[in-house]
Amino acid sequence: MSLLTTISLAQEETLSDWILAARSAGIEQTRLDEIQSRAIDRGISDQQLMQIIEPAVALAEQNLPTDMIFQKAMEGMAKGIPFQQMNPVLQNLRQNTESVVSIVDPWIGRAEVSQMMQRSGEQVNGKVFRNELLKAGSKALSQNVTTESLKHLLDAIGEEATLNRAKPSGILTAVSIFSDLPSTAEHPEASGSVIARALQSGFEADDLQKLPGAMHSAQRRSQLPSASVIEGITGQMQGGSPASQILQNLFNGNPGGGPPGGMAPGLKNRPDRGRPN
């Protein structure tokens, strides 16, 4: 029985009990001191602070990352968000992280993923990579990505052709930006596939960071639906265009590429084109 469970079964709980439970689960004392200090400054009661700490302890006892719990709590207190609004968000983070484990751990356990990490040239600790991937996946779920869509993304990234080009930093960024793409809400599988294709085409982490903004720009300037933007990006990748050129075309409103200065595809046949102002 975990210390958290023992506390939960006790008739009376104290903040000291929860601090002990947190330390026993591996949470650093400096982190606990920091959040206690912030709670005192913001008038958070001991009972409320215990409820803030509880999801972090629950995750730590399962060997899951807790950073996002403390970061979100510190952020909420800094903004003066009432505890009643903050607590459900923290509990949701806990639940999302627990849900992601069943997707991330089997994926990381694949032999081909281990081979990718060994040949990537990046000095990445396996535990750190796992924790960062769990946090990125939890973020995706918190922004309404389904577990099925997240699994599809990782399966697409796990294709041999993609892992042969990908690096751990790029994979972490790929999962992190998934929910930020303007196409993910309506076309999650196509969005996952285009991210995997980007990795396969040589997109590095920095390139991927720019992809959501570039796609938003392309959709706004071209006035094309997100599915057409994805189709254009895929065509450019299949044509061998480098990441820098693809991103520039997107920012210019040309998701399918084309000559510089060309009119954005979605504007060519607009009914109001040619009318006097």
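Definitions and cut-offs
The residue numbering used here restarts from 1 in each chain and proceeds along that chain's sequence as written. Where totals are concerned, whole chains, interfaces and linings use all residues; where local detail is concerned, this predicted model gives features only for residues with pLDDT of at least 70, and gives and counts side-chain atom pairs only at 80 or more. The side-chain numbers reported here are obtained from all heavy atoms of the structure, hydrogens and water having been left aside. Here, nonpolar core refers to any group of buried Ala, Val, Leu, Ile, Met, Phe, Trp, Tyr and Cys residues whose side-chain atoms link them within 4.5 Å. Exposure is judged per residue with a 1.4 Å probe applied to protein chains only, and the accessible area is read against the type maximum: over 50% gives exposed, under 20% gives buried, and values in between give partly exposed. Helix and strand labels come from DSSP, where a helix needs a run of H or I of at least four residues and a strand needs a run of E of at least two; each type is numbered from the N terminus. The contact criterion used throughout is that any non-hydrogen atoms of two residues lie within 4.5 Å. Think of a 1 Å grid over just the protein atoms. A cavity is a set of points where a 1.4 Å probe fits yet cannot get out, a pocket is an open set with protein on both sides within 12 Å along at least five of seven lines, and lining residues have an atom within 4 Å of a point. Grid points are joined across faces, edges and corners, and a volume is the space filled by probe spheres set on the points. Side-chain classes follow a simple rule in which Ala, Val, Leu, Ile, Met, Phe, Trp, Tyr, Cys and Pro form the nonpolar group, Asp, Glu, Lys and Arg form the charged group, and the remainder, Gly included, forms the polar group. As a rule, the C-alpha atoms of each element are fitted with a line to give its axis, helices using only the stretch in contact, and angles between N-to-C directions run from 0 to 180 degrees. An angle below 35 degrees is read as roughly parallel, one above 145 as roughly antiparallel, one from 65 to 115 as roughly perpendicular, and any other as oblique. Helix crossings fall into two classes, left-handed where the near helix is turned counterclockwise from the far one by less than a right angle and right-handed where it is turned clockwise. Working rule for helices: expected span equals 1.5 Å times residues minus one. What the bend at a residue measures is the angle between two axes, fitted to the seven residues ending there and to the seven starting there.

Caption draft 1: Structural context of the nonpolar core. Within the largest apolar cluster, 77 residues are counted, with the highest numbers of intra-cluster contacts made by Ile 52, Trp 107, Ile 157, Ile 171 and Leu 250. Here this core gets ten residues from one element, more than from any other, and that element is helix 6 (residues 83–108). Leaving out residues up to four positions away in the same chain, Ile 171 has contacts with Trp 107, Met 116, Phe 129, Leu 133, Ile 157, Leu 163, Ala 166 and Leu 199.

Caption draft 2: Inspection of the layout of surface pockets at higher detail. In this model, the largest pocket occupies a volume close to 390 Å³. Forming the walls of the largest pocket are 17 residues, and the residues nearest its centre are Gly 26, Pro 65, Thr 66, Asp 67 and Asn 131. It is helix 8 (residues 126–142) that contributes the most residues to the lining of the largest pocket, five residues altogether. For the lining of the largest pocket, the residue count by class is seven nonpolar, four polar and six charged. As a volume, the second largest pocket reaches approximately 270 Å³. Around the second largest pocket sit 14 residues that line it, and Met 68, Gln 71, Lys 135, Ala 136 and Lys 139 are the ones nearest its centre. Contributing elements (two or more residues each) for the lining of the second largest pocket: helix 5 (67–78), helix 6, helix 8 and helix 11 (168–177). In terms of residue count, the dominant contributor to the lining of the second largest pocket is helix 8 (six residues). Residues of the lining of the second largest pocket, tallied by class, amount to five nonpolar, four polar and five charged.

Caption draft 3: Quick peek at the environment of Gln 84. Position of Gln 84 among the secondary structure elements: in helix 6. The sequence separation of Gln 84 and Gln 48 amounts to 36 residues, and the corresponding C-alpha distance is 9.2 Å.

Caption draft 4: Fine view of the packing of helix 12 (residues 188–200) against helix 14 (residues 226–238). Running from N to C, helix 12 and helix 14 cross one another at 25°; their axes reach a closest spacing of 10 Å. Relative to helix 14, the element helix 12 lies roughly parallel. In the crossing of helix 12 with helix 14, the sense of the turn from one axis to the other is left-handed. Residue-level inspection shows Ala 190, Ser 191, Val 194, Arg 197 and Ala 198 of helix 12 in contact with helix 14, the latter providing Ile 230, Ile 233, Thr 234, Met 237 and Gln 238. The class makeup of the residues in the contact of helix 12 with helix 14 is six nonpolar, three polar and one charged.

Caption draft 5: Representation of helix 6 in the model. Taking 1.5 Å per residue as the helical rise, helix 6 with its 26 residues ought to reach 38 Å, and the 36 Å between its terminal C-alpha atoms agrees with that figure. Of all the bends in helix 6, the greatest measures close to 40° and is centred on Val 101.

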